[in-house]
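One letter stands for each residue in the lines below.
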Amino acid sequence: MRIVSRGRGEEGRERMTLVPENVDDLWHLSYVLEPGDLVSGDTTRRIQRNDEQMRDTGGEREHLHVTLSVEDVEFARFANRLRVGGEIVGCSREDQLGHHHTLNVEERSEITVEKRFKPDQVDRIEAAEQATENPDVAIVTVEEGEAYIHTVAQYGTEEYASFTRPTGKGDYARPRTELFDEVGKALSHLDVDAVILAGPGFTKNDARDYISNEYPDATEKIIKTVDTSGVGDRGVHEVLKRGAVDDVQEQTRIAEESRLIDDLMDGIAEGAKIAYGIEETAEAAEFGAVEHLLVLDSRLRDERQGEGDWDVDVNDVIETVEQKGGDVTVFSAEFAPGQQLKNLGGIAALLRYRLQ
């Protein structure tokens, strides 16, 4: 994310001009924008001609600069765009005021957002700005007969490719080098800066040796090997938990989420200093007991838009935790730790001391 400018808007609002530079940034914006915010940007719109001197062509698309009062926001990950819908309240053509329009925000398109930013939303934008320089990373997990490639994004990890077939002996077996060759070929076509190779035993080392000989360009990207007890999603979780991605990226939200959710689940198993669910967590916040608050981004958005069912104002909980020296991490619902947090009600806390 590139922050072009910051200033003051009308009625006590803040104004930020932003340029999302990748899909991660579009995803971040989907959790920052809310109904009632003002979003301005360039767009095209089909204009119906009413001029009697001109033939009606059924509507021609014109380039416009519009300001929308936001009504709905949709992150279209696979289309690489953010759809922002709402009423036109400012426009380079006055005859379009009051109409509804959808602004398609894409990578490297400039928009201006005017709203009352909440602290966690500012933190999210600033973290996205800092993360722009982080390298793109892939995690390859491999064992006998199985290999998986996952790409790492701020909204989670995504399976890029998987290869499964028995190796060794048997009618359906194949030489293990065929598995390694498929991995090497896939990596040679994957546009990332760094690759972490992981898995149980020595198979990953044999895979690296093969790829080194057959796909030297791909080998240059493999900067780290990690021992894990499993492959696939389980192996990726172990890599993140151990902080291997942190060695490549200075900041990564999902590695932090993996460690925090493990601490939380360990605390639940041991009956340690934790709280979960909105009522228990809010009570802990009031007592100043919260060391680290964990809240799910999708649940946070629902509550702020009046679509949730919590009896407690989540903004008050976050503010109380920060005022009393606690940390706050907003989890992504797209990633496995976020799903675990969702199962616990979407909010939880690691505590400084146990509540009676």
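The protein goes by Protein pelota homolog in an unreviewed UniProt entry, where it is assigned to Salinigranum rubrum. Per its UniProt entry, the protein bears the Cofactor (unreviewed entry) comment "a divalent metal cation".

Draft legend 1. The pairing of strand 1 (residues 2-8), seen in detail. Bridge count for strand 1 against strand 2 (residues 14-19) is six bridges, and the pairing is antiparallel. Looking across to strand 2, one finds that arginine 6 is bridged to methionine 16. The turn linking strand 1 back onto strand 2 is made up of five residues, and glutamate 11 within it adopts a positive phi angle of 55 degrees.

Draft legend 2. Broad picture of the sheet that holds strand 16 (residues 347-351). Read from one edge of the open sheet, four strands run 13-16-14-15, paired in mixed fashion. Each edge of the open sheet carries a strand with a single partner, namely strand 13 (274-276) and strand 15 (327-331). Geometrically, the sheet is characterised by an average inter-axis angle of 15 degrees between neighbouring strands, direction not taken into account. Pairing between strand 14 (residues 290-296) and strand 15: five bridges, direction parallel. Bridge pairing in strand 15 places leucine 296 opposite phenylalanine 331. The strands that helix 10 (residues 297-304) touches are strand 14 and strand 15; relative to strand 14, the one it contacts most, it runs at about 80 degrees. Strand contacts of helix 11 (residues 314-323): strand 14, strand 15 and strand 16, with the helix running at about 150 degrees to strand 14, the strand carrying the most contacts.

Draft legend 3. Region of interest: the environment of glutamate 146. Note on placement: glutamate 146 falls in strand 9 (residues 146-153). For glutamate 146, a relative accessible area of 24% corresponds to the partly exposed category. Excluding anything up to four places from it in sequence, glutamate 146 contacts Thr141, Phe163, Thr164, Leu179 and Val231.

Draft legend 4. Quick peek at the sheet that holds strand 10 (residues 156-164). Read across the open sheet, the five strands follow the order 10-9-8-11-12; overall the sheet is mixed. Sheet topology places strand 10 and strand 12 (222-227) at the edges, where each strand pairs with a single neighbour. Ignoring strand direction, the axes of neighbouring strands in this sheet form an average angle of 20 degrees. Examined bridge by bridge, strand 8 (residues 137-143) and strand 9 share seven bridges and lie antiparallel to one another. Among the inter-strand pairings, valine 140 is bridged to a residue of strand 9, identified as isoleucine 149.

Draft legend 5. Broad picture of the nonpolar core. Residues Leu18, Val39, Leu82, Val84 and Ile125 are the most contacted members of the largest nonpolar core, which totals 30 residues. For this core, the elements supplying multiple residues, two or more each, are strand 2, helix 1 (23-30), strand 3 (38-47), strand 4 (60-76), strand 5 (81-91), strand 6 (100-106), strand 7 (111-115) and helix 2 (119-131). For this core, the element with the highest residue contribution is strand 4, accounting for five residues. Here valine 84 is in contact with Leu33, Val39, Leu68, Val70, Asp72, His101, Thr102, Leu103 and Val105, once residues within four sequence places are set aside. Counting 22 residues, the second-largest nonpolar core is a separate cluster that includes Ala138, Val140, Ala161 and Leu179.

Draft legend 6. Region of interest: the packing of aromatic side chains. Under the criterion given, the structure shown has two aromatic pairs. Centroid distance tryptophan 27 to tyrosine 31: 5.8 Å. Interplanar angle 70 degrees. Geometry classified as edge-to-face. Just as tryptophan 27 is buried, tyrosine 31 falls in that class too. Over the face of the ring belonging to phenylalanine 117 we find lysine 115, whose NZ or CZ atom lies 5.7 Å from the ring centre. Just above the ring of tryptophan 27 sits the side chain of arginine 124; from NZ or CZ to the centre is 4.6 Å.

Draft legend 7. Quick peek at the pattern of salt bridges. Scanning all chains against the criterion turns up 20 salt bridges. In this structure, arginine 15 engages glutamate 114 in a salt bridge whose closest nitrogen and oxygen atoms are separated by 3.4 Å. Of the two residues, arginine 15 is situated in strand 2 and glutamate 114 in strand 7; the sequence distance between them amounts to 99 residues. A salt bridge links lysine 241 to aspartate 262, with the nearest nitrogen and oxygen atoms 3.7 Å apart. Highlighted residues: lysine 241 in helix 6 (residues 232-241) and aspartate 262 in helix 8 (residues 253-270), separated in sequence by 21 residues. We classify lysine 241 as partly exposed; its relative accessible area is 43%. According to the relative accessible area criterion, aspartate 262 is buried, its value standing at 14%. Residues joined by salt bridges that share partners form a network here, namely Glu34, Asp37, Lys115 and Lys118.

The rules we used
Residues numbered from 1 in each chain as written. Predicted model: local features only at pLDDT ≥ 70, side-chain atom pairs only at ≥ 80, totals over all residues. Heavy atoms only, no water. UniProt positions renumbered as here; feature names shortened; annotations may be inferred. Pairing = 2+ DSSP bridges. Helix = DSSP H or I, 4+ residues; strand = E, 2+ residues; numbered from the N terminus. Axes fitted to C-alpha atoms, helices over the stretch in contact; angles between N-to-C directions. Contact = heavy atoms within 4.5 Å. Buried < 20%, exposed > 50% of the residue type's maximum accessible area, 1.4 Å probe, protein only. Core = buried A, V, L, I, M, F, W, Y, C linked by side-chain atoms within 4.5 Å. Phe/Tyr/Trp six-rings, centres within 6.5 Å; stacked < 30°, edge-to-face > 60°. Lys NZ or Arg CZ within 6 Å of the ring centre and 35° of its normal. Salt bridge = Lys/Arg side-chain N within 4 Å of Asp/Glu carboxyl O.

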